[in-house]
Structure formats: C-alpha cells, structure tokens
Amino acid sequence: MDLGLTGKRVAVTGGSSGIGLATVRLMLEDGARVAFCGRNPDRLKEALAPLTDAFGDAVAAHACDVLDEAQVAAFRDQVVAKFGGLDILINNAGQGRVSTFENTDDDAWREEFELKYFSVIRPTRAFLPALRDSAAPSIVVVNSLLARQPEPHMVCTASLRAGVQNLVKSLSIEFASDSVRVNSILVGLVDSGQWQRRYEAREDASQSREDWYAALAKQKNIPLGRLGVPEEAAAAVAFLASPAASYITGASLEVAGGVSRFA
Ligand SMILES: NC(=O)c1ccc[n+]([C@@H]2O[C@H](COP(=O)([O-])OP(=O)(O)OC[C@H]3O[C@@H](n4cnc5c(N)ncnc54)[C@H](OP(=O)(O)O)[C@@H]3O)[C@@H](O)[C@H]2O)c1
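What counts, and at which threshold
- Residues numbered from 1 in each chain as written.
- Predicted model: local features only at pLDDT ≥ 70, side-chain atom pairs only at ≥ 80, totals over all residues.
- Axes fitted to C-alpha atoms, helices over the stretch in contact; angles between N-to-C directions.
- Helix = DSSP H or I, 4+ residues; strand = E, 2+ residues; numbered from the N terminus.
- Parallel < 35°, antiparallel > 145°, perpendicular 65-115°, else oblique.
- Left-handed = near helix turned anticlockwise from the far one by under 90°.
- Contact = placed C-beta atoms within 7 Å.
- Nonpolar A, V, L, I, M, F, W, Y, C, P; charged D, E, K, R; others polar.
- Domains from an automatic or database assignment.
- Buried ≥ 20, exposed ≤ 12 C-beta atoms within 10 Å, placed from the backbone.
- Pairing = 2+ DSSP bridges.
- Right-handed = clockwise from strand over helix to strand, strands pointing away.
- Near = placed C-beta within 6 Å.

Two elements in contact, helix α3 (residues 69–83) and helix α4 (residues 106–132), have axes whose closest approach is 9 Å; the angle formed by their N-to-C orientations is 30 degrees. One finds that α3 runs roughly parallel with respect to α4. The two elements α3 and α4 meet at a crossing, and its hand is right-handed. On the side of α3, the interface is formed by E69, V72, A73, R76 and V80, while α4 contributes R122, P123, A126, F127 and A130. Of the residues that constitute the contact of α3 with α4, the class distribution is seven nonpolar, no polar and three charged.

What follows is the structure, given as structure tokens:
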C-alpha cells in the first residue's frame, strides 16, 4: 500500500532513538523528507550519520529540548527554511516516570505535567502556521496505553497521558476546519531506550536480556507474548500521519500486543 508519503515534509520530536528513530527511518524509506530533534547532540549525530548515508539531503537533525520555547522556535525555523514548509508533525519526545502516589511529590507532578503537556503544546503551536499552509497536514502524538489503562506504579504519567488523550481530541476538532488531522497511538510496551535503561538497572545482574524481556512480557500479561519493537509503533504512526488516513482524525490506535488490563 502506498501511504502517499513521497515528498512529504516531516518533523519528528525525539527522533534520535526508539520509536522516534524508527519513524524517521520508515518515513524516509517511504519517500518523505524528515527533520528530527533530541536534546543530546552526540545521540543525534550517531542517529543521523547512517541516515545521511542512506538518504542524503532528505534528512536533518537539530538539537532541541521540546520544553524550551526558544529552542522549539529555532527547530521550527530550521525545518521550514530547509523544506519550505511542513506537512506532518510527530510529537514523540518524552519518557515515562516510575512512581506511585506515595512517592510522587508536588515537584515530580509538576515536572511530569510540564513534560507530558508541553512536549505536545510547544511543537504544535510552533508548527501550526506551517501545517495550515500544507495540502495534507497532520499531527500524530505518541501517547501511552496508560491513558486508558493506568498502572499504579506510574501514577502521574498515567493520569497525564489521559489528559493528553483529551487534548488530542480537542485539537482534532479545533483544527478540523483547517484540515489539520490530529491522531495518536497508544503504546503498550515497546522495546526502546526506556526499556534498555530499565534492563540495565535490573536487580539481578545475572539475568540475561532475553530472560528479562520474557519475564516482563509474562508479568505484563501481553497476549502476543512479547514486547513490541519500535518499527511496529512507527508503522502505526506513519499510517495515521499519511494521506492514506485522510478521513481519520481524533482517533487513537493501540499498539500494545492486545494488552487489556481491566477487561
Ligand atoms: N517504549 C515504550 O514502551 C513506551 C510506552 C508508552 C509510551 N512511550 C512513549 O513513546 C515516546 C518515545 O519513547 P521511546 O520508548 O522510543 O523512548 P526512547 O528510546 O528513550 O526515545 C526518546 C526520544 O525522545 C528524546 N527526548 C526525550 N525528552 C526530550 C525533550 N525534552 N526534548 C527533545 N527530545 C527529547 C530522546 O532524546 P534525548 O534524550 O537526547 O533528548 C529520544 O530521542 C515517549 O513519549 C514515550 O513516553 C513509550
């Protein structure tokens, strides 16, 4: 199926690793031009090098913290100057916070609020004028299944993810008159930088990577019996972002191996 991404101009936040990086690569393979950002310049450089080898000038990377308004504006200016506009924004940057209600203090709640909301608000606000000028504009938010199925050990992430889902719905309605579609994916457990870091911090250092991941899939009752890979989340992002999904807005697609905690 041709998603219609050829020539589309795409910005991906948090593109230097995991789901974001897989999305960058998939969209480039489908003929899009893609700019991505992240905070760590070394990680950006490492991600960019093989992509430049494969896709040349169609790809660019810029250091940008999506929580910093000036940096987001600079990222937007660089992208629009390079591509002459923007068709697709992927709000992906972020990470989860592991903490129960008992051990989440006010500062942690505020910090998580800032990350979850402003990682969507700032890039969306910055790129909206360019998106309005596009013939096929869309936004995809990489959200979490926690929005619908909270887990108590991630209390503030889960609660704010639910708020972000609500925000996605509002944006989809407000922007519909400009034909800017807004959708999200709800990620379950996808093997990425986040899980790699948790594996490295495991209690039993003798446990192999394979065994640790297998135990995790079992503990989380994932019907498909394994974690997802970033490419599987990226495929859902690319579809929702693409002209192939031209009549879909305000939707959310679960990429979670069938997890249903409360069914
Ligand atoms: N993997 C999962 O199981 C899972 C589940 C639910 C939701 N998600 C969500 O999926 C998204 C992608 O995560 P991932 O699993 O692919 O994790 P990852 O491999 O850790 O990638 C996160 C990316 O975001 C960037 N980033 C983080 N904070 C940023 C900021 N403030 N400004 C700009 N870039 C930032 C990181 O680069 P720098 O650190 O260099 O900035 C990196 O490129 C996140 O929003 C995450 O919460 C993931």
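Moving on to the domain arrangement of the protein. Entries for the protein in the domain assignment read domain 1 (9–190 + 229–255) and domain 2 (191–227). Each partner contributes residues to the interface: domain 1 has ten residues there, and domain 2 has seven residues. In terms of residue class, the side of domain 1 that touches domain 2 is made up of five nonpolar, five polar and no charged.

What follows deals with the pairing of strand β4 (residues 88–91). Across the two faces of β4 the burial is the same, with I88 and I90 and L89 and N91 all buried. Bridge count for strand β1 (residues 9–13) against β4 is three bridges, and the pairing is parallel. If you follow A11 over to β4, its bridge partner there is L89. Bridge count between β4 and strand β5 (residues 138–144): four bridges; the pairing is parallel. Bridge pairing links I90 to V140 in β5. Considered for its hand, the β-α-β crossover made up of β4, α4 and β5 is right-handed.

Taken together, seven strands build an open sheet; the order of strands is β3-β2-β1-β4-β5-β6-β7 and the sheet is parallel. In the strand order of this sheet, the two ends are held by β3 (59–63) and β7 (252–255), each with one partner. Direction aside, the axes of adjacent strands within the sheet are offset by 15 degrees on average. Across the face of the sheet, α3 comes into contact with β1, β2 (33–38) and β3 while running at roughly 165 degrees to β2.

This brings us to the site of the ligand. Surveying the vicinity of the ligand reveals 30 residues, the closest of which are G14, G18, R39, G94 and G193. Secondary structure elements with two or more residues in the shell around the ligand: α1 (18–29), β2, β5 and α6 (193–200). The dominant element in the shell around the ligand, judged by the number of residues it contributes, is α1, at three residues. Here the shell around the ligand is built from residues that sort into ten nonpolar, 17 polar and three charged. Taken domain by domain, the shell around the ligand gets at least three of its residues from each of domain 1 (9–190 + 229–255) and domain 2 (191–227).

In this section: the packing of α1 against helix α8 (residues 230–241). If you want to describe how two helices pack, look at the angle between their axes and the distance between the axes. The geometry of α1 relative to α8 is characterised by a closest axis approach of 8 Å and an angle of 60 degrees between their N-to-C directions. Compared by their axis directions, α1 and α8 come out oblique. Our pair here, α1 against α8, has a crossing hand that is right-handed. Taking contact as the criterion, the partners of G18, I19, L21, A22, T23, L26 and M27 in α1 are, on α8, P230, E231, A233, A234, A235, V237 and A238. A per-class count over the contact of α1 with α8 returns eleven nonpolar, two polar and one charged.

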